[in-house]
Every structure is written in structure tokens, then in C-alpha cells.
Amino acid sequence: EGVSACLITKTDTNPFFVKMKEGAEAKAAELGVTLKSYAGKIDGDHESQVAAIEACVADGAKGILITASDTKAIVDSVKAARDAGVLVIALDTPLDPIDAADATFATDNFQAGLLIGQWARATLGDAAANAKIAMLDLAISQPSVDVLRDQGFLTGFGIDTKDPNKWGDEDDPRIVGNEVTAGNEEGGLKAMEALLAKDPDINVVYTINEPSAAGAYEALKAAGKEGVLIVSVDGGCPGVKDVKDGVIGATSQQYPLLMAALGVEAIARFAADGTKPAPTEGKTFFDTGVALVTDKPVEGVESIDTAKGMELCWG
Amino acid sequence: MDLLPHRRADHLRRRCGPVDQKGVGMTQEPILKARGLTKRYGKVIALNDCDFDLYPGEILAVIGDNGAGKSTLIKAISGAVVPDEGQIWLEGREVSFKTPIEARAAGIETVYQTLAMSPALSIADNMFMGRELRKPGIMGTLFRQLDRPRMEKFAREKLNELGLMTIQNINQAVETLSGGQRQGVAVARAAAFGSKVVILDEPTAALGVKESRRVLELIRDVKNRGIPIILISHNMPHVFEIADRIHIHRLGRRLCVIRPQDYTMSDAVAFMTGARLPEGVTEAA
Amino acid sequence: MDLLPHRRADHLRRRCGPVDQKGVGMTQEPILKARGLTKRYGKVIALNDCDFDLYPGEILAVIGDNGAGKSTLIKAISGAVVPDEGQIWLEGREVSFKTPIEARAAGIETVYQTLAMSPALSIADNMFMGRELRKPGIMGTLFRQLDRPRMEKFAREKLNELGLMTIQNINQAVETLSGGQRQGVAVARAAAFGSKVVILDEPTAALGVKESRRVLELIRDVKNRGIPIILISHNMPHVFEIADRIHIHRLGRRLCVIRPQDYTMSDAVAFMTGARLPEGVTEAA
Amino acid sequence: MSNDAKSVSSAYEAGLKGAAETVAEFHEEQGALKKLQHWLHQTPSAVPMIVLVVSVIVFGLLADNFFKATTLSTILQQIAIVGILGCAQTIVILTAGIDLSVGAIAVFSSVLMGQMTFRYGIPAPAAIAIGLALGSAMGALNGFLIARLKLPPFIVTLGTWQILLASNFIYSRNETIRSSDIAEKAPALQFWGQAIQPGGVKVLYAVFLMIALVAIMAYVLRNTAWGRHVYATGDDPDAAELAGVPTKRVLIQVYALAGLFCAIAGWVMIGRFGSVSPTASTGQLGNIQSITAVVIGGISLFGGRGSILGMFFGALIVGVFEMGLRLVGTDPQWTFFLIGVLIIFAVAVDQWIRKVSA
Amino acid sequence: MSNDAKSVSSAYEAGLKGAAETVAEFHEEQGALKKLQHWLHQTPSAVPMIVLVVSVIVFGLLADNFFKATTLSTILQQIAIVGILGCAQTIVILTAGIDLSVGAIAVFSSVLMGQMTFRYGIPAPAAIAIGLALGSAMGALNGFLIARLKLPPFIVTLGTWQILLASNFIYSRNETIRSSDIAEKAPALQFWGQAIQPGGVKVLYAVFLMIALVAIMAYVLRNTAWGRHVYATGDDPDAAELAGVPTKRVLIQVYALAGLFCAIAGWVMIGRFGSVSPTASTGQLGNIQSITAVVIGGISLFGGRGSILGMFFGALIVGVFEMGLRLVGTDPQWTFFLIGVLIIFAVAVDQWIRKVSA
Ligand SMILES: Nc1ncnc2c1ncn2[C@@H]1O[C@H](COP(=O)(O)OP(=O)(O)OP(=O)(O)O)[C@@H](O)[C@H]1O
Ligand SMILES: Nc1ncnc2c1ncn2[C@@H]1O[C@H](COP(=O)(O)OP(=O)(O)OP(=O)(O)O)[C@@H](O)[C@H]1O
Ligand SMILES: [Mg+2]
Ligand SMILES: [Mg+2]
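Residues numbered from 1 in each chain as written. Chains lettered and ligands numbered in written order. Predicted model: local features only at pLDDT ≥ 70, side-chain atom pairs only at ≥ 80, totals over all residues. Heavy atoms only, no water.

An unreviewed UniProt entry annotates chain B as Sugar ABC transporter ATP-binding protein of Rhodobacter calidifons.

In C-alpha cells, the structure reads:
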């Protein structure tokens, strides 16, 4: 009787989760674990995730890996699964409260935002005081990853975030505006065009992920503003290439393949002898880390260059 | 021809003029009376300061050219259209119906030219639409359950009375009936429920010879029950055979009212088409 | 009554039996001939092994009860319905129309009971629907541009010829016309384009006295142009006045064909309603 | 001179004497197939029921764990919300309308119930009552715009969908209310999340609620005058109006009732998910999901035809497909693909049966 | 005995002699207001045009940067894709249909064009031709199911929307083709992203393409027989069929042409976004966006009424609103809210003008 496991991602169209799934499948094949994958239908869709958890329990899975769309709302379903004897590991995004899951293998999205915010401020130097910042966010429903990255960036840049659970409520005059992008090129482009119409002097662009950064770059290029500082989060190989090509100034690299592989291993071990994975020393979760990738390192912000980034990148 | 509405003192209105003096004006009070009805559809004046009288127990035919405004007149009377101007009295009391439901509640039952049936619903459902019977007792008052057996029995009886059709299944959808059968159901509905006035707008237009004859018989039956009837028809022989009085409608208003005994069909046609004017009526105001 | 289709040898078919022998059978070849047409709608057999003949230059009336299958018969002939069984010959050649377009291309023009107009489009658009004229030269061949002025001129002429209405604007939408005016446009369309056969299904059902008379005159005009006409009508006086021969339809098939000179209206009504059988015809097969 | 008229008519109507009283009658072709077709034609919910049974059997064969009581009860609880939204969508579609705002009303109502309790400290039962009232009001607004201003339902509800969803995000400030807080302070909000456990198989109260609502609406639509009026309004509104149905009032009532059902669904969402989340995907997808259930259930989008039982089977079919495909282990994208095929297939079968058995 | 018949008729038709030849004529009430109403009624695209002009003026007053050439050209380029999808949606809606799959066809076509070039090494122009052909085929499939199997358009395209979107993700393996790679190896794919720059204001080729397509379709719909047939099919399909319109063929052609327009939109997407991305939001939202443009443009969802120019103004109105609200500085959530209000408002105004000018 083989071990079966489930992977539940936020969506199955975002390259980040596609790669996470591939990493998990490779590891599962290696360990002889049967892996079934599920996903939400749109960003922020936690109801499909609940349905997926229920299906996994009904299917007799030993463990569930989940990147929760709504970290608070999923808690009850996770509890029900754990009560049924299933090991639940949160990937990428910690649940709220974090101990709702048996273990968490995650990157800190706030930290990821913080790094690019700090890098952008240091790069601009004194000009940071009168920067013109475009904020390209994910969706008007403001799922948690969207809020964490955005607010992390602003914190890193030294801007008062007001309510840290909500983007768009800031009143700092340096922010030209927030636009939503759906995390793809199309959205990034349209949002950038709109913000450029609002203020053509934008010189810093925060983007929720690298595809939206690529879209934003197209708009800037079309407007003849290739020098604008674009920062992003994810660290996928196309994104790192864009950093190398100077499209993106810096990106915070995360490690979905690593998370997924660790998660599958943990489930296999749990199935074998019942041991549960332990968190990183001094943290409430197992941090798979985040690294700032840039070819223009700045004083005071630790970073790796794109050559190293290409080695570690996913997808 | 001046068709713009001119308001005249009531005693000057051409309420059938000398034609009336030949005995058409009844001594009784009209059961249904309308004065000065006007209805505009954009540029079109479908009813132009129109008067109307229906006396108890009579069959009143309304004839006129296509587009003369006959259907609009009976829609105004039956609440399907709210006239822009004018007043209506039912049994001497002024009424103003906003919907067909109000007119029906007052005892005026109408068969519209378009029949007004819900094709997917059954014959019984259609006959009782808007006046459904509920089960007696708690099922009816609290749970508001329909009393289907009673409604079906009633519908079957009424259709048999009409003898117009041999419908095997009272629950079949109206859309499965032929045009003639549908018209029969509509007429049966009006005849069954009309307590004060029954209005029929071209009830035989699409009917064959046999079916038309049945409808005429039904109209006589209703009259014999003491209920007055308004009948719109383009069929002169039928009109002259059955009507007690004939309201001739022209260009959105009542031209005059005649008795079939006093005039030939040919006269009536001449009046309604404008070939000739009835005595005492001048068309230009 | 046995209505299940029984195939009989052709010489045994009751093609008007002795009635026919009174001279209705024409010596010419029929321009339009149909044999054994059958059409079922679910359980309903709307056409039951029906025969049909139309001779050159004649006005053939088709009469029958509601639901007898008259409309279905002419739909089968004009391609609007594909019969389940049976054959049709036009000028001696067998045809089988899958759509009304094919029938029209063969010269058969029909006014359906439902008129078949697009309410939101103009009168001219409706008259030329499916046979639009294109501009001459490159605008027409390459850019396929419609020749509106020519179509409008033609439409105006045809409607004037008909004299049925004074339409001020040939570009007004059909939905702004009264029922009678619409029927006029439909009849004008058929009369203008019919080259071999013109079919009219109850063209005067909703029309007033004056408007009906105009349509009858138009039918005579078309006949005088040498084009045969099929006229379905419930109006016996009209039928007996205008028809050369009368096809009596009963229960989905041709009961017999009579000449108006030979029979009274009363006879025809008796035949079509089943009150009496024409000589030589037995209803049970 | 009416004698003259009489003679005119009698000139030919004399022929009527002795005319047959019957209209054409037809012999029914009998036979098992014909009878089956007739039954299928008479019973609009039969087709989805058959599709449901077939798909249950197929998945039972394909996936080992499918035929377990827990799996089947899980399917029921997964469709509870769609089923309730489907009740709302059914009555709207029966009037030849469509309601794109059902999901938005549900989510916004659940947020309102939650925030009433936690932001303003209103006791939970009162907050629920307010939420249900506001949900009905949102529906009534749709109804008002559609019935009074005569705007097309598609557009009105497209507009209110966006408006309500945006209001939901703005009003909630993106805050999810945690399950543990609700359990502690306002357990009434989670009422429908409780379960009975006959023989160890959990069945949520929400499932019983859905079934009860379907049953009640089936009764109301079939056996009350109001139900007949809903059908008549969808069938031919002009005819219904002339025949004495207050169509405008019926429309407003239908949309308001749909709003109430959506608000009930919102309350059920709190029980089912534990928490109150403004980002719940029902807000975005609830309309398409409920329309899919209605359509697979054989209810005509043109109004006036179909039964709410069909919608229930339609929701179950989608639930069975989604669960079955999950257990078989198909990629989620293949699930979407197959649900798409299923939608077209279900309607094609329905159309075919209507055609052959017409 | 037909003499008998003649006498019957002449019994009363004698009265016809000298009957007036005219039907009722009506004096037109003249006056500036009446004339305006009449013109509004005659010109279906006039209402959206007025709404457009008013909103441009309002936003010009509210936001400083609005009346700049670059802002206006940005608005145009932002609506280029919706405008082209709107052409597809317009012809479908004119036939009383609806196409929910437009966005999915566009995205899938763009992915097909990209993958043909990069996965199989087909030269870009050939890949584009294949992409356009496949897009038309997807549309024709919709048309086939709707015209031949007589399935409701809403359901068919709901199904194909899911099917095509899922196929798009499965086939593309979620891979985005990067802009720089395309620019290097297959610049033809990015053709519509080029721009002319009169006086420093960039105007994309895509904008000209959209305007050209609208103009061509306006001509085709007004001035060719086929265009009249499209209107007739939507107006009353039975009547059109009897009047000699091959309605089934027209329907299939309409959906296939709509598919072609969508594929063109897919090609334009590559030029406009630089890259080829299977996750482009148009796949999910293209249908709602294009329907919104069509409806604000005053085209009836019941078919047969409206002009494609109205759709163009409708798309522009949405574009102007989105841009204007951004420049005024509203939060994206409020923008979403206000677009919802706009949709209802635009249709209400349309309805009101039609009523008073009837
Ligand atoms: N809903 C409407 N909108 C616009 N015009 C209308 C409407 N209803 C009727 N009309 C117009 O009002 C006039 C009178 O129509 P009405 O139906 O009352 O005539 P009618 O005498 O009943 O004719 P018919 O004998 O053909 O039934 C006609 O010119 C008609 O076109
Ligand atoms: N599309 C259809 N579907 C089902 N039944 C039909 C259809 N069309 C006609 N029928 C049935 O076929 C029979 C013949 O109808 P048809 O319209 O040919 O009669 P008709 O002789 O023209 O009658 P009328 O004088 O009332 O026009 C009727 O019973 C009718 O109900
Ligand atoms: Mg009338
Ligand atoms: Mg007929």
C-alpha cells in the first residue's frame, strides 16, 4: 500500500505554483509517493481549497501540502483534516495562527517585500525623499500575499503603511497610485500605462511578481523610460534573466521547488515512522529563505548576483 | 381632417347626433360609460377624445378599419392601457383601472386579440391565472396550496359547455393546442368569469366556419345570462346577425352608434370607411 | 376513422372521385403536383398521405377546419417544412425543397400565416430579404454594396400599385406599421416576385372590409399576369367569389376538389366539416 | 335588416348541420421506447437524474474511495452553498432573467453578519437577521431596476455584482474574522457548520438546509398561485400581465427572495468555512457555478420551463464530477475541461430528448 | 353559384364606394425637442456618443492630465483589444446570441501562434495564419453547436470557454514566452505593437486596426446583404428563415467570424504586451468586458437592434471612465464600484431616452 499525498496551491496557472507542483511531483516520483494536485480557481479562492482538503481526506491521503489562499479562513478545514490523522504542512504562506498546521515550510513574503524596498531606497539614495512610486498589486480582493509583499516593500522603503492589513490606504505623496495586475503581463502593462498617464515622472515601480514586472517594463519602454527602477518578487528563471538584462532592478527570490520537495519528504517520513518535521531554530516555521537577486548590490542589504540567482532559480 | 384633440362642451359632442334619435339611445343608464378617452403612442393618436357606452344586457359590436383604434379602446376600458385623458364609469361610479387585474376584480373579463395565454402552462392553470383556488382548511390558508382537482373540474365543465373542443387532458400545455382550440379556451375563460361585462376582441379572426359559429352561440349564451358583451369584429354578417347596437369607430373616435335593424351592412361599411357620413355628423369639427 | 397511413395503388386513390368527373380535373398538366405528402409532429399527423394539384393560371382555394393541416400543406410545398414522405413536381420535374430559399429560387413565392417579417428592419429591407440587389460595377461585385436607391424605388412602386396604404417612408421599420399594413407589405412582396406560383395563407384574416377587398383585387391582378395562386381562407364568400377551383382539406388530406359553380357554399362547408361526404368518397379507407 | 345578415350566414352555415363534433384524433404509437420518451418529456428533471446516476456509477468504478459514505456526504456538503445559490438562480431564471450578483450578495451578507457582530457588537442573532434583511434588500434593488426601470437583468446584475463585490472589499477592509473568535463570541453565526453523525458519517446541518430549501421551493413553485405566476411571468410576460398576473410585483419579489437565499448562503458559508472571509471565491464564481447547475438541471434560460429539482441534480452532477475527478487524480485543468464538456453534453442530450419525444 | 357568393359580399361591400383612400395621418408635433428625440431614436449610437462626450468633458475638468494627447492615445490603446473582441461580440449579440468564449479564444490563439513558432519552429507568418485559422475554427465549433444542434448560445459558449481556457493552460504548460525572445526570433508576432509618432504622440498600429475593423464591420452590417441577414436572424429567426435567409449558415458564419476576430485580438495581444502569456486576464474577463462595451453601446441583448459604432463608443466610455477615475485618484476598489454604477446608469439613460422619444 503506497503513500499518497496532496498538493493544494493557490492557483495552477501562476508559474510559481506550476513549478512548485513540478518540484513536488519529481520528489514524489523519487520517493514512490502518489501525489495528487489541486488548486484554487482564481487568486484568493479558498473555497476550492476547502473542497480539495475534503477530497484528500476522503481519498485517504497521508499528508497535505497547502499554500493557503486565505490564511485565517482555511484553519477549520485544516483542523478537520488533522483530526482525521492527516499531516498538514503549510507551504510558502504560514497559516494564521501558524500552529494551525503541523509544520510550515515558507518564505516570508513580508521579508521579501522588505528587501526590495530597502534596496530601492538605498539605490536611490537622497532621491528617495522625492521618489515617484508606482505600486502594481495583485487583485482588488487583496489576498494576503498581495498585502504582505506590498506592505513589506513600503516598510523597507520607509513609508508609513497605516493599516498593515490593507494596501492602498497610505497617504504618502511619493506613492503615485496603486493598480491591480492579476499578476500577469497584460495586467502589469495596463496598470503601468494608467499610472504613467497619472504621473509621467514615475521612477520606482513595485510589482507583485515578475510577469507583471515584464508587462510594466513594456509600458515604460514604450514611453521611453527604460531607466526606471523596477523591483519584484519571485525569483523564477525568466525573472532572474530580466534582472540580468536590466529589465528588473532587483527581485526577491523564493524557493518553491525546495519547499515542495521538503514537504513531500516530510510526508514520506511521517508515513514511515510518524515523525513530524521541526521548525527552524528560533522561528515558528521552517524558513526556506529568501534572497535578494541583483547585479547592483547596495550597502547594507545582503544580496546575490544573477549568476548565483540563475543557479538557484526555479522554472 | 383635423385630428388634434379639441375640447368641446359636452352637450355639443356628437354622441350619435340624429342617428341616435332613431332610438339607439337607451333610456337606461349605461353599465359602462367612457368620455373623452385619449391615448397617444408617440406620434400616433390611437384614441382621440373617444366616447363609449354599453347598456345592460346588450351585445354591442365595435367595427372599424384596421388601425382605427378599436383594440386600444377596449384595452383602455379593461385596464391593459392607461388612457392619457378621459374618464370611465362602471355602473355609475367612476373607475380608473391601472391593470387588467383591477378591471377583472370589478367584473370585466376580456379576450384580447393576442389571447394572453402562457404557452407552457396547462389549460387549467391558464383559466385560473390570477384567481387561483386554494384548498380549504389549513392547507389553503397556511400552506396556500392550490386546489387542483377543483380547478380542473371547473375548467373541464366550462370547456364542455362550450362544446368547442374535445380536449382529452385538461392538464396539457396550451402550446400543444391548435390556434382555434386556444381561442376557445380564452373565450371560455372570459365567459366563465365575467360577472358584469365580457369583452371579445376579434374572437373569430382565425377560426373556421364551424368554430366561429360555436363562438357566436356562446356569445348568445352569455347574453342570456344577462351579461352585456362588447364584440370587436371585421365580419359584417356576424356583427349584423348578433349585435343589438353597433359602435362605429373611425380615426380613433366613435363616429356614431347604429342599430342593425335601421341600416344595411353596406351603410355601416360606408360609415366606417369614410365613404359616407351618417346624417347629422360632420367630420370636420 | 382510420388515419394511419395506408398505401394504396395510385389509381385507387380518391383523387376527387366522381366529384372530379364533373369537369374539375383539367386536361392540362398541373404546374405544381404533390402525391402522398405526410408530415408528423410527434403524435400529431398534420399531413396524412395528402395529394395536391395546381393548374396553370388558376386561383385554387384551400379550405378546411382549424388544424386540418392547410398551413402544413403549403409549408411542405414551399420548402418551409420538409415532408416525412411524398413527392412534389413543379412543371413536371420532381423537386424537393429543403428551405424556403430553394422554393423561391424556383419561382414559388409565399405569404405565410405569420407573415415572416423582421420587425426592426425597414419595409424595403424586408421586401428584398434574401434577394438583395447590389450596386452595379465594382462597388457591387467587390464591395458587395447594396443598391438601396433601386430597392427603395422598386418597393415604393409595388406598394403604390397595391394602393393598399399610403406609406410615407419606405425606410420605416415594419414594427411601426399596423397589422393591416404589414399584411399589405407581405402580399406585395409575394406578388412582386412570384414568377411561377404565389401562395397566400389567410391573407385577409386580420384585415378590415376595405383592406380585404384590396387584397382580393390584387389576387385578380396576379392571376391576370398569368400566375397561378393558392389561397387559403376561412372566408367562404371570398373563396366562392374568387376561386376557380376549391381544394377541400380534411383531417390532413385532400377530401376532394370542387368548382364553385357546381356547389353551394353550404355544400362546401358540409364537406369540410364532415357533415356530409361528397359523392363517391367514403371516409373510411 | 338583420334578417338579411342572417340569411347571408345561413347561406353556407346550413352546411354545418351534422358536422362532426370531434377534432382530429390520433392513435398513439405505443411501445416501450415511445413511453420512455414521453415520460422524459413530461419530467424535466429526469434527464439530469439519469446523467447523475450514470456518473455516480462510472466514478464508483474508476475510483476506489468513491463509494464510501464519507465521500458521498462530503459531496453533499461541498454543493450545499451552490445548491442554495441555485435555488435563488432557479427562480430568477424561471422568470427569464439571470442573476450575476448571487455570489456577491452571499459574500457581502456573510461579511455584514460578521462585522455587525465584531465591529459594532450587535448580538449574533440580530446580526444574522440584519444580514438576511440586507441581502433581501440587495436582491430587491435588482428587482426594482429590472421591473420598474425595465432594464435587462443581465446588465443590472452585472452592475450590481461589481458594485456589491467592491463594497464588500471596501467595507470589510479585507479583514477575515477568525473561526476561533467566532466560535467563542458568536457561535450562532456558525450554526450550519454543525453536523449529525449517524454511524460516524458526518452530515452538516447545511446539507439538510439545502435539501429543505429545494423541497420548499419545489412545493411553492408547483402548488401555490405565486409559483404559477413565476412560471407565467417567464413564459410570456405580456400575456401574463393581461391574464391578471402582477408581473412587476412578481419580479421584484423573485429578486428579493433570491437575495434572501443568497444571504442564507452567506450565513451557511460562515458555518461551513468557520471564518468570515471577504475574498471568498463564491463572490467571483458563485454566479457561473449556480448558472451551470441550473442549466445542467434542464431549466430553460428563456424562462418558464424546468423544475428546481433539476437544478438540485445539476448541482449534484457537478459535485460528483469534481469529487470523482479529484479522486481519480486528474489535473485540475482537466477537471475544468471535462466540466465544460459536461455542460455542453448535458444540454445536447436534453435537446435531443426533447426533439425525439416531441 | 358563385353569383350567390358575389351577392353576399356585395351585400355590404357596396358601402366601400367612395371610401377614403388614406389611412389615419398624424400631424407631427414639431419643435426642437421633438426633433432631437426623433434623431436620438433613429440613431442608436447617439446615446453612447453623448454619454462619451459628457464623461470626457467631466473628467477633463476633474483631472489635470486628462486632456493631454498622450493620455487620450493611452486610452485608445487600452481599449484596442476590448474593441476588437467587441466587434466579435457585437455580431454575435446582433443574432440574439452571446459569446462567453471570446477571451478564451483570443488567449488560446495567441498561445498557439507563439508555440507554433517557438516549440515547432514554424516561421512566424505561417504560425500567425495557423493561429487565425484555429481561432476561426473554435468560433465555427460554437456556431455549429448553436445552429445545427440548436443549443442555447449561453450554454455552448460557457462550455467552450472552460474547455478552451483549460486547453490553453494544458497546451502551453503555463509557459510564458518572453518579449525579448519574440523580438529577436519572430518580430512578426509583435507587429501590432509598433507605433507611429506624429508630433511625439505614440499611436499603436493596434489602434488603427481596431478602428479599421469597426469601420469595415459598420459597412458590412449596413451595406451588404449579409449584414442585413445578420440583423434579420437576430430579430426573428423563424421569420428570417421563411423570408429566405439561410439562418443556420449565417449563424455559423457569424460565430466563425467572431472566432477570427478573437484570434486577431490574440495576435494584437502579443504586440501589445510583448510576451505570450497563457494567464492573460483577457481569458477570464474578455467576455464580460466585451459584453459591457456592447451593452453600454446600446445594442440589444435580444438581438437585431443596435450598431457596432455604439459598441465602439461603449468601449471608449469604459476606457475613459477607468482612466479618468485613476487620474482623479480613486482606489482600484472604488474604480470597480463606479464602473458597476456606470453600467447600470448608461443602460438606464438609454432606456429613458428611448422611452421619452418613442
Ligand atoms: N403599443 C403600441 N405602440 C405604438 N403604436 C401602437 C401600439 N398599439 C397600437 N398602436 C397604434 O395605434 C393605432 C390603433 O391600433 P389598434 O390596435 O387599436 O387598432 P385596431 O382598430 O384594433 O386595428 P385592428 O383591426 O387591425 O386590430 C395603430 O396605428 C397602431 O399602430
Ligand atoms: N410546429 C408544430 N409542432 C407541433 N404541431 C404542429 C406544428 N405545426 C402544426 N402542428 C399541428 O399540426 C396540425 C395542423 O396544423 P396547421 O397549422 O397545418 O393547420 P391549419 O389547417 O393551417 O389550421 P388553421 O386554419 O388554424 O391555420 C395541428 O394539429 C397543429 O397543432
Ligand atoms: Mg385590434
Ligand atoms: Mg393555418
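Here the narrative resumes, following the displayed structure.
Student: Is there a simple way to think about the sheet that holds strand β5 (residues 103-106) of chain A in this case?
Tutor: Backbone-to-backbone hydrogen bonds join strands into a sheet, with any given pair of strands oriented parallel or antiparallel. Residues and elements named next belong to chain A. Spatial ordering of the open sheet is given by β2-β1-β3-β4-β5-β11, a layout of six strands whose pairing is parallel. The open sheet is flanked by β2 (33-39) and β11 (286-287), the only strands paired with a single partner. Where β5 and β11 come together, two bridges link them in parallel fashion. Across the sheet, the residue bridging to Ala106 is Asp287, located in β11. Sitting on the sheet, helix α1 (residues 15-31) touches β1 (3-9), β2 and β4 (87-92), and the angle it makes with β2 is about 165°. Seen against the sheet, helix α2 (residues 47-58) touches β1, β2 and β3 (63-66) and runs at an angle of roughly 175° to β1. (Pairing = 2+ DSSP bridges. Helix = DSSP H or I, 4+ residues; strand = E, 2+ residues; numbered from the N terminus. Contact = heavy atoms within 4.5 Å. Axes fitted to C-alpha atoms, helices over the stretch in contact; angles between N-to-C directions.)

Student: Just checking my understanding: could you explain the site of ligand 1 for this structure?
Tutor: All names here are of chain B. Every one of the 14 residues lining ligand 1 counts as a neighbour, but Gly67, Gly69, Lys70, Ser71 and Thr72 are closest to it. Between ligand 1 and the protein, one listed contact pairs an oxygen atom with a backbone N or O atom of Gly67 at 2.9 Å. A distance of 2.8 Å separates an oxygen atom of ligand 1 from a polar atom in the backbone of Lys70. When residues of the shell around ligand 1 are traced back to their parent elements, those giving at least two are β2 (44-54) and α2 (70-77). It is α2 that contributes the most residues to the shell around ligand 1, three residues altogether. For the shell around ligand 1, the per-class residue count stands at four nonpolar, seven polar and three charged. (Near = heavy atom within 4 Å. Polar contact = N/O pair within 3.5 Å; in protein donor to acceptor, adjacent residues only side chain to side chain. Nonpolar A, V, L, I, M, F, W, Y, C, P; charged D, E, K, R; others polar.)

Student: For this particular structure, what's the right way to read the state of the cysteines?
Tutor: Any covalent bond linking the sulfur atoms of two cysteines counts as a disulfide. All names here are of chain A. On inspection of all chains with the given rule, the structure shows two disulfides over all chains. Paired by a disulfide, Cys237 and Cys313 hold their sulfur atoms 1.8 Å apart. Of note, the bridge from Cys237 to Cys313 carries an S-S torsion of about 90° and is right-handed in sense. In this pair, Cys237 is assigned in helix α8 (residues 237-244) and Cys313 in the segment after α10 (306-312), connecting sequence segments 76 residues apart. By relative accessible area, Cys237 is classed as buried at 14%. What makes Cys313 buried here is its relative accessible area of 13%. Each bonded cysteine of chain A is numbered by sequence order, and under that numbering the disulfide pairs are 1-2, 3-4. (Disulfide = S-S within 2.5 Å. Buried < 20%, exposed > 50% of the residue type's maximum accessible area, 1.4 Å probe, protein only.)

Student: Explanation requested: the packing of aromatic side chains in the structure shown.
Tutor: Each aromatic ring pair is specified by the distance between its two centres and by the angle formed by the two planes. All names here are of chain D. Per the stated rule, a full pass over the model turns up 31 aromatic pairs over all chains. Ring centres of Phe59 and Phe321 lie 5.4 Å apart, and the angle between their planes is 85°; on these two criteria the pair is classed as edge-to-face. Separated by 262 residues along the polypeptide, Phe59 in helix α3 (residues 46-62) and Phe321 in helix α15 (residues 308-328) bring together distant segments of the chain. Judged by its relative accessible area of 6%, Phe59 is buried. (Phe/Tyr/Trp six-rings, centres within 6.5 Å; stacked < 30°, edge-to-face > 60°.)

Student: Help me understand the site of ligand 2 in this model?
Tutor: Residues and elements named next belong to chain C. Looking at ligand 2, there are 14 residues lining it, with Gly67, Gly69, Lys70, Ser71 and Thr72 nearest. At 2.9 Å from an oxygen atom of ligand 2 is found a main-chain nitrogen or oxygen belonging to Gly67. The backbone of Gly69 places a nitrogen or oxygen atom 2.9 Å from an oxygen atom of ligand 2. Burial of ligand 2 by the protein amounts to 70% of the accessible area it has alone, namely 640 Å². Secondary structure elements with two or more residues in the shell around ligand 2: β2 (44-54) and α2 (70-77). A per-element tally of the shell around ligand 2 places α2 first, with three residues. Classifying every residue of the shell around ligand 2 gives four nonpolar, seven polar and three charged. (Areas by Shrake-Rupley, 256 points an atom, 1.4 Å probe, with all protein chains shown as cover.)

Student: When you look at the sheet that holds strand β5 (residues 93-95) of chain B in this model, what are you seeing that I'm missing?
Tutor: All names here are of chain B. Taken in spatial order, the four strands line up as β2-β1-β4-β5 in an open sheet, and their pairing is antiparallel. Every other strand in the sheet has two partners, leaving β2 and β5 as the edge strands with one partner each. Adjacent strand axes in the sheet meet at a mean angle of 30° when their direction is disregarded. Looking at chain direction, strand β1 (residues 32-41) and strand β4 (residues 85-90) are connected through five bridges and run antiparallel. Residue pairing in the sheet places Leu32 in a bridge with Leu90 of β4.

Student: Where do I start with α3(D) in this structure?
Tutor: Two residues of an α-helix separated by three or four positions point the same way, owing to the 3.6 residues in each turn. When the terminal C-alpha atoms of α3(D) are compared, their 24 Å separation across 17 residues agrees well with the 24 Å that a helix rising 1.5 Å per residue should span. Listing the buried residues of α3(D) in full gives D:Ala46, D:Val47, D:Pro48, D:Val51, D:Leu52, D:Ser55, D:Val56, D:Phe59 and D:Gly60. (Expected span 1.5 Å × (residues − 1).)

Student: Honestly, the environment of E:Ile317 in this entry has me stumped. Any pointers?
Tutor: Residue and element names in this part refer to chain E. Locating Ile317 in the fold gives a position in helix α15 (residues 308-328). For the pair Ile317 and Ala293, spaced 24 residues apart in sequence, the C-alpha separation works out to 8.1 Å. Not counting residues within four places of it along the chain, the set of residues in contact with Ile317 comprises Pro48, Val51, Leu52, Ile296 and Leu342.

Student: I keep staring at the environment of E:Asn65 and nothing clicks. Help me out?
Tutor: Note on placement: E:Asn65 falls in the loop between α3 (46-62) and α4 (69-78). Note on E:Asn65: relative accessible area 24%, which makes it partly exposed. Note: C-alpha distance between E:Asn65 and E:Gly121 (56 residues apart in sequence) is 45 Å. Not counting the four nearest positions on each side in its chain, E:Asn65 is found in contact with A:Ala197, A:Lys198, E:Thr71 and E:Leu327. Side-chain polar atoms of E:Asn65 contact the backbone oxygen of A:Lys198, separated by 2.8 Å.

Student: Help me understand the packing of helix α14 (residues 282-296) of chain D against α15(D) in this model?
Tutor: Helix packing geometry: the angle between the two helix axes and the distance between the axes. Residue and element names in this part refer to chain D. Axis separation between α14 and α15 bottoms out at 7 Å; the angle between their running directions is 115°. For the pair α14 and α15, the sense of crossing is right-handed. Of the residues in α15, those in contact with Thr292, Ala293, Val294 and Ile296 of α14 are Gly310, Met311, Gly314, Ala315, Ile317 and Val318. (Left-handed = near helix turned anticlockwise from the far one by under 90°.)

Student: Looking at this structure, how should I read the arrangement of the chains?
Tutor: There is a clear gap between chain A and chain B: no contact, and 37 Å between their nearest C-alpha atoms. Chain A makes no contact with chain C; the smallest distance between any of their C-alpha atoms is 36 Å.

Student: Which parts of the structure should I look at to understand helix α4 (residues 109-124) of chain A?
Tutor: Residue and element names in this part refer to chain A. In a regular helix each residue adds 1.5 Å, so 16 residues correspond to 22 Å; α4 covers 23 Å between its end C-alpha atoms and thus fits that length. Residues of α4 that are buried: Asn109, Ala112, Gly113, Leu114, Leu115, Ile116, Gly117, Trp119, Ala120 and Leu124. Lining the buried residues of α4 we find β4, α5 (144-157), β8 (204-207), β9 (229-234), β10 (250-253) and β12 (291-293). Taken from the residues just after α4, Gly125 is the one with a positive phi, measuring 65°.

Student: Help me understand the side chain of B:Lys158 in this model?
Tutor: Mapped onto the fold, B:Lys158 is located in helix α6 (residues 148-162). With sequence-adjacent residues up to four places away left out, B:Lys158 is seen in contact with B:Met127 and B:Ala192.

Student: What am I meant to see in the pattern of salt bridges here?
Tutor: Oppositely charged side chains can form a pair if their charged atoms are brought close together. Inspection of the entire model under this criterion finds 60 salt bridges over all chains. When the shortest N-O distance is used, the salt bridge between D:Arg228 and B:Asp125 registers 2.7 Å. Residue D:Arg228 is located in helix α11 (residues 225-235), and its partner B:Asp125 is located in helix α4 (residues 123-127); the two belong to separate chains. Summarising the burial analysis for this pair, D:Arg228 and B:Asp125 share the class buried. A salt bridge links C:Arg148 to C:Asp125, with the nearest nitrogen and oxygen atoms 3.6 Å apart. Of the two residues, C:Arg148 is situated in helix α6 (residues 148-162) and C:Asp125 in helix α4 (residues 123-127); the sequence distance between them amounts to 23 residues. A single salt-bridge network, built from bridges that share partners, covers B:Lys39, B:Arg40, B:Asp84 and B:Glu85. (Salt bridge = Lys/Arg side-chain N within 4 Å of Asp/Glu carboxyl O.)

Student: I tried to follow the pairing of strand β10 (residues 253-258) of chain C on my own but got confused; where do I start?
Tutor: The two faces of a sheet get side chains in turn, since along a regular strand they alternate between them. Residues and elements named next belong to chain C. Among the six residues that make up β10, six are buried, leaving the element largely enclosed by the rest of the structure. Pairing of strand β9 (residues 245-250) with β10, which is carried by five bridges, proceeds in the antiparallel orientation. Residue pairing in the sheet places Ile248 in a bridge with Cys256 of β10. Between β9 and β10, which follow one another and run antiparallel, lie two residues, and Leu251 among them has a positive phi close to 50°.

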